[in-house]
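Read off the chains here:
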Amino acid sequence: MTPNIHYEKRESVGERLELKKGPIYWLGPDLTLRDSTVIISAAGRSLVPMSGQFINCTIQAKGELKTVRWAPISFKGCRFTGRFTGNDFGFREDLDERRTLGGIEDCDFSEARLNGCRFFNCDMRTIRLPRWPCFTFLDPLGHAAELRQHAWPGLVGRATVEAVCESPVGTVAVTWHAPTVAEKMDTTVEELGAALETAPWIFM
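Calculation notes
- Every chain begins its residue count from 1, and numbering advances along the sequence as written.
- At least 70 in pLDDT is required for a residue's local features to be given in this predicted model, at least 80 for side-chain atom pairs to be given and counted, and no such filter applies to totals for whole chains, interfaces and linings, which use all residues.
- In computing side-chain values, all of the structure's heavy atoms are included and hydrogens and water are not.
- A pairing counts as a salt bridge when a side-chain nitrogen of Lys or Arg comes within 4 Å of a carboxyl oxygen of Asp or Glu.
- Each helix is a run of H or I in the DSSP string that is no shorter than four residues. Each strand is a run of E no shorter than two, and both are numbered from the N terminus.
- Throughout, exposure labels follow a simple rule: accessible area from a 1.4 Å probe, protein chains only, divided by the maximum for the residue type, with under 20% read as buried, over 50% as exposed, and the rest as partly exposed.
- Take the buried residues of types Ala, Val, Leu, Ile, Met, Phe, Trp, Tyr and Cys, join any two whose side-chain atoms come within 4.5 Å, and each joined set is a nonpolar core.
- We call two residues contacting when some pair of their heavy atoms lies within 4.5 Å.
- The arc in question is the one spanned by the directions pointing from the helix axis to the C-beta atoms.
- Two strands qualify as a pair provided that DSSP identifies no fewer than 2 bridges between them.
- Every axis corresponds to a line fitted to the C-alpha atoms, with the helix fit spanning only the stretch in contact, and the corresponding angles, defined between N-to-C directions, vary from 0 to 180 degrees.

Draft legend 1. Seen up close, the pattern of salt bridges. According to the stated counting rule, one finds 13 salt bridges in the structure shown. A salt bridge links Arg34 to Glu11, with the shortest nitrogen-to-oxygen separation between them at 2.9 Å. Of this pair, Arg34 sits in strand 5 (residues 31–34) while Glu11 is found in strand 2 (residues 10–13), placing the two residues 23 residues apart along the sequence. Owing to a relative accessible area of 31%, Arg34 belongs among the partly exposed residues under this scheme. Overall, the relative accessible area of 53% leaves Glu11 in the exposed class. Here Arg148 makes a salt bridge to Glu166, at a shortest N to O gap of 2.5 Å. Taken together, the residues Arg148 in helix 1 (residues 144–149) and Glu166 in the loop between helix 2 (156–165) and strand 17 (171–177) connect sequence positions 18 residues apart.

Here's what the structure looks like:
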């Protein structure tokens, strides 16, 4: 039987928390970590965010951390390193009540690799994003018409950009990793980069 580890109803300062492969980790409810380091080797499906606060913490993905919905968790002043794919940050009003509890502000992703990661209902001016070869669509819902009209190489327009334009309500930014997108969307990093340079509201 897979062991369950619960981090709930506790507040820790200066802790080093290692989430290793194997167990299922329940994060919350009522978990607060301050000035701590969280090292994640576990698969994304093994993390169950319930509710909590991470304040001035370092979040390190040891492998590629996939498809974690962090909506119930509030991150403030945190630094992220490693590879994150398909992760969601920030609270969401379009889902269940638990997912309105979180948020994200004053966080630093500049040393992380993000691919298909979405930010919800937050002020992106407080978020340090990774630069090229990562790139970010800012306010994609507000610029969907412009993005769809833009010239894109390969399958980028029909797949990646269309997915961005159809993002859930509350999406304020979506970040991708250019080499990964280019490989899957039948184009090159150079062609993708050239298209992005003239597209609206792109951070790279």
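Structure shown, so let's carry the discussion forward.
Draft legend 2. Here's a closer look at the nonpolar core. Among the nonpolar cores identified, the biggest contains 36 residues, and Phe54, Trp70, Phe75, Phe80, Phe109 and Phe119 are the most heavily contacted of them. Sequence-distant contacts of Phe75, that is, excluding residues within four places in its chain, are made with Phe54, Ile59, Trp70, Phe80, Phe89, Gly103, Ile104, Glu105 and Cys107. Grouped together as the second largest cluster of nonpolar side chains are 19 residues, Val156, Val164, Val174 and Ala178 included.

Draft legend 3. Geometry of helix 4 (residues 189–197). Among the residues of helix 4, Leu192, Gly193, Ala195 and Leu196 are the ones counted as buried. Seen end-on, helix 4 carries its buried residues on one side only, within an arc spanning 165 degrees. Those residues of helix 4 that are exposed and aimed more than 90 degrees away from the buried face are Glu190 and Glu197. Tucked into the core, helix 4 has its buried residues touching strand 16 (134–138), helix 2, helix 3 (178–184) and strand 18 (202–203).

Draft legend 4. Highlighting the sheet that holds strand 13 (residues 103–105). The strand order across the open sheet formed by five strands is 2-5-8-10-13, and the pairing between neighbours is parallel. The open sheet has two edge strands, strand 2 and strand 13, and neither has a second partner. Between one strand axis and the next, the sheet turns by 5 degrees as a mean value, whatever way the strands run. In terms of strand pairing, strand 10 (residues 73–76) meets strand 13 through three bridges, oriented parallel. Bridging across to strand 13, Ser74 finds its partner in Gly103.

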